[in-house]
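One letter stands for each residue in the lines below.
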Amino acid sequence: MIHNRRRTVARILLLAFAALGLQLTVPAIASADPASSAWAKLRMCESSGRYATNTGNGYYGAYQFDLPTWRSVGGAGRPDQAAAHEQDYRALYLYRMRGWQPWQCAGMLKLSGDGDARSKRVPSYADSAYIGGGGPAPAPTPPPPSGKPAWPGVVYAYGDCAAPLKTFQLRMNAFGYGFTGTGCYLEKTKEAVLALQRANGIKDSGLLGPKTWDAAWNGKPPR
C-alpha cells in the first residue's frame, strides 16, 4: 500500500508540473572518456607531446608505455615506433582497463576519472579518434592474403625491398601490426620477424627465411 500511495503522489506532482507548464529535467550523464585536453596535458607531462620519444629508460612514446604494459593492451612492436593514432588508441585502452593509475603525471595533474575508467570495455579506433594527438586512424590496410603463399626462395634481411616482403607485412597485420605494406624491410618489420621467431622457437636471427615465412601462416602468433 505504501508503494501505491507513493506512485499516486508522484502522478499528482507530475500533473501539477504539467499544468504549470514546467518540465522536470534529469541530470545529463557525463560524457564518457576524458576530454582531449586532458590527454594533451598528459602527453605534455609524460613526453613533451613527442610520440617518437625514446630516452633509453625503458619507457616509450607519447604516453611513456613500458613494454609489458603496452603488450597488455594489445600493442605490438615498440610504442615509440607505432603511429600516433595507435598510441592514442592503446592509451585509451589502458585507461578503460586501469583508469589513470598507470600514469604518475595524471596524479600530478589531478586528472579525474569518469564512468569509463576501469570499465573493462575494449574501445574501438573510432572511440579514440577524438583524442586528437594522432588524428583519425587511416583507412584500413588491405586484408592479409588468404592461404600461405609459397616461400619466394630468398632470405630477406634489413634494408631489402621486394614484393614478397609486402605479402609478409600484410600477413602480420592479422597479429595486430599496422603495416601499410611498403615491401621494405625496416625496423618495424625486424621487430615483427624477431617476435615471430621467438614465439615459434626459431633462431632469432632477424632474417626472414623459410621457417619464419611458414610460421607467419602456420605458427604461433608473436607475443
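All values reported here derive from a predicted model rather than from experimental measurement.

*Asks:* Help me out: how do you make sense of the packing of helix H7 (residues 163–172) against helix H8 (residues 187–199) in this one?
*Replies:* The axes of two packed helices give the description: the angle between them and the distance between them. Interhelical geometry of H7 versus H8 gives an angle of 65° and a closest axis separation of 11 Å. Between H7 and H8, the crossing angle belongs to the class labelled roughly perpendicular. The two elements H7 and H8 cross, and the hand of that crossing is left-handed. Contacts between H7 and H8 involve Phe 168, Gln 169 and Met 172 on the former and, on the latter, Thr 189, Ala 192, Val 193 and Leu 196. Taken together, the residues of the contact of H7 with H8 sort by class into five nonpolar, two polar and no charged.

*Asks:* Help me understand a nonpolar patch on the surface, please; the structure alone is not making it clear to me.
*Replies:* A grouping of Trp 151, Val 155 and Leu 207 is seen on the molecular surface, where their side chains present a nonpolar patch of about 250 Å² in accessible area. When you line up the elements, Trp 151 lands in the loop between helix H6 (125–128) and H7. Judged by its relative accessible area of 33%, Trp 151 is partly exposed.

*Asks:* Sorry if this is basic, but what is going on with the confidence of the model for the protein chain here?
*Replies:* Where the model shows low pLDDT, its predicted coordinates should not be examined in detail. Overall, the predicted model of the protein chain reaches an average pLDDT of 81, with 79% of residues at or above 70. Per-element averaging of pLDDT across the protein chain places helix H1 (residues 2–19) at the bottom with 47 and H8 at the top with 94. Segment residues 135–141 is flagged for pLDDT under 50; beyond a separation of four residues in sequence, or across chains, it makes 11 contacts in the model.

*Asks:* Got a minute to help me understand the nonpolar core in this structure?
*Replies:* Burial of nonpolar side chains together is a common tendency in soluble globular proteins. Counting 24 residues, the largest nonpolar core has Trp 39, Leu 42, Tyr 63, Phe 65, Tyr 95, Trp 100 and Trp 103 as the members making the most contacts within it. Of all the elements in the fold, those that place two or more residues in this core are helix H2 (36–47), helix H4 (84–98) and helix H5 (104–108). Sorting elements by how many residues they give to this core places H4 first, with seven residues. In contact with Trp 100, not counting residues within four places along its chain, are Pro 34, Trp 39, Leu 42, Tyr 95, Ala 106, Leu 111, Ser 112 and Gly 113.

*Asks:* Explain the state of the cysteines to me, please; I cannot follow it from the model alone.
*Replies:* Here, disulfide denotes a covalent bond that connects the sulfur atoms of two cysteines. Counting across every chain of the model gives two disulfides. One disulfide bridge connects Cys 45 with Cys 105, the sulfur atoms lying 2.0 Å from each other. On the sign convention where negative means left-handed, the S-S torsion of about -75° between Cys 45 and Cys 105 marks this disulfide as left-handed. Taken as a pair, Cys 45 in helix H2 and Cys 105 in helix H5 lie far apart in primary sequence, 60 residues in all. Residue Cys 45 is classed as partly exposed on the basis of its relative accessible area of 30%. The disulfide partner of Cys 161 is Cys 184, and the S-S distance across this bridge is 2.0 Å. For the disulfide bridge between Cys 161 and Cys 184, the dihedral angle about the S-S bond is near 115°, and by the sign convention the bridge is right-handed. Taken together, the positions of Cys 161 in the loop between H6 and H7 and Cys 184 in the loop between H7 and H8 put the pair 23 residues apart, joining distant regions of the chain. Exposure remark for Cys 184: the relative accessible area of 21% places this residue in the partly exposed category. The disulfide pattern of the protein chain is 1-2, 3-4 when the bonded cysteines are numbered in sequence order.

Cut-offs used in this document
- Per-chain numbering applies: the sequence of each chain, read as written, is numbered from 1 onward.
- Reporting in this predicted model follows two pLDDT cut-offs: at least 70 for local features of residues, and 80 or more for side-chain atom pairs to be given and counted; totals over whole chains, interfaces and linings ignore these cut-offs and use all residues.
- Note that the side-chain values use all heavy atoms of the structure and ignore hydrogens as well as water.
- Inter-axis angles, ranging from 0 to 180 degrees, are taken between N-to-C directions of lines fitted to C-alpha atoms, where helices are fitted over the stretch in contact.
- Working definition: helices are DSSP H or I runs of at least four residues, strands are E runs of at least two. Numbering for both runs from the N terminus.
- Small angles under 35 degrees read as roughly parallel and large ones over 145 as roughly antiparallel, with 65 to 115 read as roughly perpendicular and the rest as oblique.
- Working rule for handedness: look at the near helix, and if it is turned counterclockwise from the far one by less than a right angle, call the crossing left-handed; if clockwise, right-handed.
- Residues are treated as being in contact if the distance between any of their heavy atoms lies within 4.5 Å.
- Following the grouping adopted for this structure description, the nonpolar residues are Ala, Val, Leu, Ile, Met, Phe, Trp, Tyr, Cys and Pro, the charged ones are Asp, Glu, Lys and Arg, and the polar ones are all others, Gly among them.
- Candidate patch residues must exceed 30% relative accessible area and have no salt bridge, after which like charges are joined if within 9 Å and Val, Leu, Ile, Met, Phe, Trp or Tyr side chains if within 5 Å.
- Only the protein chains shown count as cover for residues, and all accessible areas are computed by the Shrake-Rupley method using a 1.4 Å probe.
- The salt bridge definition used is simple: a Lys or Arg side-chain nitrogen within 4 Å of an Asp or Glu carboxyl oxygen.
- Each residue's exposure class comes from its accessible area (1.4 Å probe, protein chains only) as a fraction of the maximum for that residue type: buried when under 20%, exposed when over 50%, partly exposed otherwise.
- Per-residue confidence from the prediction method is given by pLDDT, with values spanning 0 to 100.
- As used here, the term nonpolar core means buried Ala, Val, Leu, Ile, Met, Phe, Trp, Tyr and Cys residues forming a set that is joined through side-chain atoms within 4.5 Å.
- For this text, the term disulfide refers to a pair of cysteine sulfurs within 2.5 Å.

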